[in-house]
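Breakdown of the fold
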Amino acid sequence: MSTSELPLLDDSFKKEEDTLNKSKIVSSKNSFSKETLLNFYNDMLLIRRFEERAGQLYGMGLIGGFCHLYIGQEAVVVGLQANVNQKDTIITTYRDHGHMLATGMDPKKVMAELTGREAGYSHGKGGSMHMFSKEKNFYGGHGIVGASVPIGTGLAFSHYYNDDGGVCLCYFGDGATNQGQVYESFNMAALWNLPIVYIIENNKYGMGTSVERASASTDLHRRGESYGIPGVAVNGMDVKEVYHAGKSAIDHARSNKGPIILEMKTYRYRGHSMSDPAKYRSKEELAKMRAENDPIDCLREEMMSSKMLDEKSFKEIDKKIKERVIEAAKFAQESKEPDPAELWTDVLLEV
Amino acid sequence: METEILMPALSPTMKEGKLAKWLVSEGEKVSAGDLIAEIETDKATMELEAVDDGILKKILITEGTDSVEVNTPIGLLSDNDSNEKEVSKISKTDKKNILKEKIPVISKKEESASKTVIRDSNNHRTEVHVKENSVDHDSVEITVREALRDAMAEEMRVNKNVFLMGEEVAEYQGAYKVSQGLLEEFGSKRVIDTPITENGFTGLGVGAAFAGLRPIVEFMTFNFAMQAIDHIINSAAKTLYMSGGQMGCPIVFRGPNGAASRVGAQHSQCYASWYSHVPGHKVVSPWSGSDAKGLLKSSIRDPNPVIFLENELLYGQKFDVPTSEDFLVPIGKAKIEREGSDITITAFSIMVGKALSAADQLSKMGISAEVINLRTLRPLDIDTIITSVQKTNHCISCEEGFPYSGIGAEISSQIMEKAFDWLDAPVKRITGKDVPMPYAANLEKLALPQIEDIINAVNVILSKS
Ligand SMILES: Cc1ncc(C[n+]2csc(CCOP(=O)(O)OP(=O)(O)O)c2C)c(N)n1
Ligand SMILES: [Mg+2]
């Protein structure tokens, strides 16, 4: 984990930097058990295969509307979610399938929402961009760029208000960092010392616009400086680095030190949504990223070269995951469409 | 085992596409993730990835084939590994019901001439005679998307103060490809990609307009204009009044409005009645290609803020559009798209097509419906509606938006105030349902007003009176 080059404002800031630097030292030792790494691998692969299958169902016309795939970014959510406890809350954008799977939501019910069926998390009424699970403290699934930031700040406010020890993990994109409401939120979070980790998933592009073309300053982790919010840039293609950065940041927020920003440097392999031909970047850029930094391939190679697991075992895992995803797709196709009467329900609560 | 490779849907609205190129040949091995073909949609060329490993056993649709319907098998993939069984074919019944809506052919004979007052940037008044679809104009069949682009290009050529800004309008050529070619012609000073920061660039546009420039602000969709509605209303629409007439705001806010296709509650909303509620700006909503071109040109020339509500599903539809650069459609005038004597149907935007289809079918039942394309929602051309109602004595209003305080509510109350004695039955409103837009295909269809709803309502009204 590379720590930010925050110009330090005062000593209290310096302390934060030190903690983060220390965690860097810890992280450089490979202190992960085989079991942990296997969990990472499984979770990332599940997201990858799930998303590939969703893309296929979209092509078949079984999923409609917008469908934003998370392929390439898997290490971010898997590394971070491995740190949360039951009280913590999670919120993200429309690129949300990976987040739901990583919070332990059921792939079958996520896929059934994608196909717009009764068995989906929102009974077919939300779709790809709008799923929620109170049970898993997953607060959506938001289609408006920037919206997850103040809402996430509100979740953090509830942790502070209830003094429940929980932290909000609030995800948003690089493009979203230019929305005014992000800074309104930063100010309040810092002012009231709210327990929140702001996670900027910097996949280099907001739709067809690169960070460089949209942002006057591209060190997105430094966007909290004027509010005194520390920020760290992290290699979001490496699940272990993400895990450690997440651990430090969540500890920071949980120990009443206020908000913190993690800028996850990542990459999306597919277009912005299904209809984006992604002509704004070169094939070489994508190919290089895939070949050199793929979070899943890298972890597999590492585990193989350190003899933790052999190829046969990996094949076995791959097969199991593929079966799970096929099962989810089957479930999602066989589930019924919502009852027409559902059109009128859930508009207001009856009183 | 063998798997069919199906023609994929590559966008929410794609129904067919061109199989431009095969990137692998028969007999070649492919792995999941490999690019296997290039598909052209109406917006872009997309690459198709293999989802499974296997061998491309057979090409069923040769490259260069146009109009291949979504879900048509285009190739056969045979499995490398016969142990792994998997069915990825979908049953015929599972296939998405592709909505094929026939757009009726509009008679081109009609000739409506009217007067419009145009002010230039120095607020000089000129009266222009507008003739549409008349013999004066050569016309060409183009899409609504092209008509909008042509309108902007023509106005940018004649007025150096006109510029376009919004998300993805320049290098990407528009999220819906409406601004195609504009960056190339006008350069990056006049065709500007903004960050995703609607409230900021809307306010900036308003300031630039106060200072005499003529911004066209594109919202990727009007759903995102909600981020900026304060500037649209508080800054743009009220300043002329608050400044005692000193400071006008010649600005166009445009972009797709209303439902697209299964994009859910936050991305499918009609803002017609929201904006129409407010004094200080004009609200325009085109249906056809000539509406789009002529009204957008008038909007850009108008010295006031204009809210220009387009519809994504109409972008790809083709219409005959006059080529003359003098062709304008006046703001504030409705158009009778089809004459009739039994009932008046008012509609705007995509609902005009549905109303015309309904009228077609009604004529087979012996009912003659007059269809009015409102074109402008504020100021509303109530005179055209009243004149029609005085002839037909019945009226139905159609819109996609919510019923409560909608455009139909305004129309029916004005008819009641101005032509109560001419009515043989109460005015009926056809609207979207009073619920947020659901995602599921069946629910979305129920939520949106359909052609059958119009036909049924007409039958009910006429049988009652
Ligand atoms: C307020 C608003 N403006 C525009 C859009 C359209 N839009 C959807 S996603 C997107 C790009 C966002 O990019 P980024 O924040 O980097 O997230 P990513 O898609 O890369 O995950 C845009 C412009 C929107 N949904 N909401
Ligand atoms: Mg991004």
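Keep in mind it's a predicted model, so treat the numbers as computed, not measured.

Comments concerning the interface of chain B and chain A
Many authors give the size of an interface as the accessible area that is lost as the parts come together. Listed per partner, the contact involves 54 residues of chain B and 55 residues of chain A. For the chain B face of the interface with chain A, the top three residues by lost area are Y172, I196 and Y439 of chain B, together amounting to 14%. At the surface where chain B touches chain A, the tally comes to four salt bridges. R213 of chain A serves as the salt-bridge partner of E171 of chain B, at 3.4 Å between the closest nitrogen and oxygen. Elements represented by at least two residues in the side of chain B that touches chain A include exactly β5 (45-49) and α11 (441-447) of chain B. A per-element tally of the side of chain B that touches chain A places α11 of chain B first, with five residues. For the side of chain B that touches chain A, the class distribution of residues is 29 nonpolar, 10 polar and 15 charged.

Section: the sheet that holds strand β19 (residues 335-338) of chain B
Residues and elements named next belong to chain B. Read across the sheet, five strands follow the order β19-β21-β20-β23-β24 without closing on themselves; strand pairing throughout is mixed. Either end of the sheet is taken by a strand with one partner, and the two such strands are β19 and β24 (428-430). This sheet shows a mean twist of 25° between the axes of neighbouring strands, independent of strand direction.

Section: the side chain of E400 of chain B
All names here are of chain B. In this fold, E400 is placed in the loop between β23 (395-398) and α10 (407-419). A polar contact is formed between the side chain of E400 and the backbone nitrogen of A259, at a distance of 3.2 Å. When neighbours within four sequence positions are excluded, E400 is seen to be in contact with G258, A259, C270, N311, I350, M351, G432, L448 and P449.

A short note on the domain arrangement of chain B
According to the domain assignment, chain B consists of domain 1 (2-96), domain 2 (142-319) and domain 3 (335-464). Put simply, the middle of domain 1 of chain B and the middle of domain 3 of chain B, counted by C-alpha atoms, are 43 Å apart.

Thoughts on empty space enclosed by the protein
Residue and element names in this part refer to chain B. Enumeration according to the criterion identifies seven cavities of 30 Å³ or more in this entry. When its volume is computed, the second largest cavity comes out at roughly 120 Å³. Lining the second largest cavity are 15 residues, with S268, E400, G401, F402 and M437 sitting closest to its centre. Looking at which domains feed residues into the lining of the second largest cavity, each of domain 2 (142-319) and domain 3 (335-464) gives three or more.

Side note on unusual backbone geometry
Cis geometry is adopted by the peptide bond preceding P379 of chain B, which originates at R378 of chain B and carries an omega value of 0°. Within the secondary structure, P379 of chain B sits in the loop between β22 (376-378) and α9 (382-392). Within the chain, M207 of chain A stands out as a residue other than glycine whose phi angle is a positive 55°. Take M207 of chain A: it is sitting in the loop between β6 (205-206) and β7 (209-210).

Details of the sheet that holds strand β2 (residues 16-22) of chain B
Residue and element names in this part refer to chain B. If you walk across this open sheet you meet the four strands as β5-β4-β2-β7, and the pairing is antiparallel. Both edges of this open sheet fall to β5 and β7 (65-69), since each of them pairs with a single strand only. For this sheet the average axis-to-axis angle between neighbouring strands, irrespective of direction, equals 40°. Note: β2 against strand β4 (residues 35-40), four bridges, orientation antiparallel. Paired with K18 across the strands is E40, a residue of β4.

Quick word on the coordination of the magnesium ion (ligand 2)
Residues and elements named next belong to chain A. Looking at the magnesium ion (ligand 2), one finds its protein donor set to be D174 (OD), N203 (OD1) and Y205 (O), positioned 2.1 to 2.2 Å from the metal centre. All donors of the magnesium ion (ligand 2) come from a single chain, and their spacing in sequence reads D-x28-N-x1-Y. Residue D174 is found in the loop between β4 (168-173) and α7 (180-191), and its partner N203 is found in the loop between β5 (196-202) and β6; the two are separated by 29 residues along the sequence. With respect to class, D174 is no different from N203; both count as buried.

Section: the site of ligand 1
Inspection of the region around ligand 1 gives 22 residues, with Y94, R95, G143 and G175 of chain A together with E198 of chain B positioned closest. What surrounds ligand 1 is not a single chain but chains A and B. One of the side-chain N or O atoms of D174 of chain A is found 3.0 Å from an oxygen atom in ligand 1. Contact with the protein chains removes 97% of the 580 Å² of surface that ligand 1 exposes when unbound.

Section: the pattern of salt bridges
Residue and element names in this part refer to chain B. If you walk through the whole model with that rule in mind, you get 34 salt bridges over all chains. Salt-bridge contacts for E155 lead to K297; the nearest nitrogen and oxygen are separated by 2.9 Å. Within this pair, whereas E155 is found in helix α1 (residues 144-158), its partner K297 is found in helix α7 (residues 289-301), the two being separated by 142 residues in sequence. Given the relative accessible area of 3%, E155 is considered buried. The closest approach of N and O atoms between E185 and R157, which form a salt bridge, is 2.7 Å. Placement of E185 in helix α2 (residues 182-186) and of R157 in helix α1 is noted, with a sequence separation of 28 residues between them. Connected through salt bridges with shared partners, the residues E154, E155, K293, K297 and R301 form a single ionic network.

So, how was this worked out
Residues numbered from 1 in each chain as written. Chains lettered and ligands numbered in written order. Predicted model: local features only at pLDDT ≥ 70, side-chain atom pairs only at ≥ 80, totals over all residues. Heavy atoms only, no water. Contact = heavy atoms within 4.5 Å. Buried area = accessible area lost by both parts, 1.4 Å probe. Salt bridge = Lys/Arg side-chain N within 4 Å of Asp/Glu carboxyl O. Helix = DSSP H or I, 4+ residues; strand = E, 2+ residues; numbered from the N terminus. Nonpolar A, V, L, I, M, F, W, Y, C, P; charged D, E, K, R; others polar. Pairing = 2+ DSSP bridges. Axes fitted to C-alpha atoms, helices over the stretch in contact; angles between N-to-C directions. Polar contact = N/O pair within 3.5 Å; in protein donor to acceptor, adjacent residues only side chain to side chain. Domains from an automatic or database assignment. 1 Å grid on protein atoms, 1.4 Å probe; cavity = no way out; pocket = protein on both sides within 12 Å on 5 of 7 lines; lining within 4 Å. Points joined across faces, edges and corners; volume = space filled by probe spheres on them. Donors = N, O, S within 2.8 Å, 3.2 Å for Na, K, Ca; no water. Buried < 20%, exposed > 50% of the residue type's maximum accessible area, 1.4 Å probe, protein only. Near = heavy atom within 4 Å. Areas by Shrake-Rupley, 256 points an atom, 1.4 Å probe, with all protein chains shown as cover.

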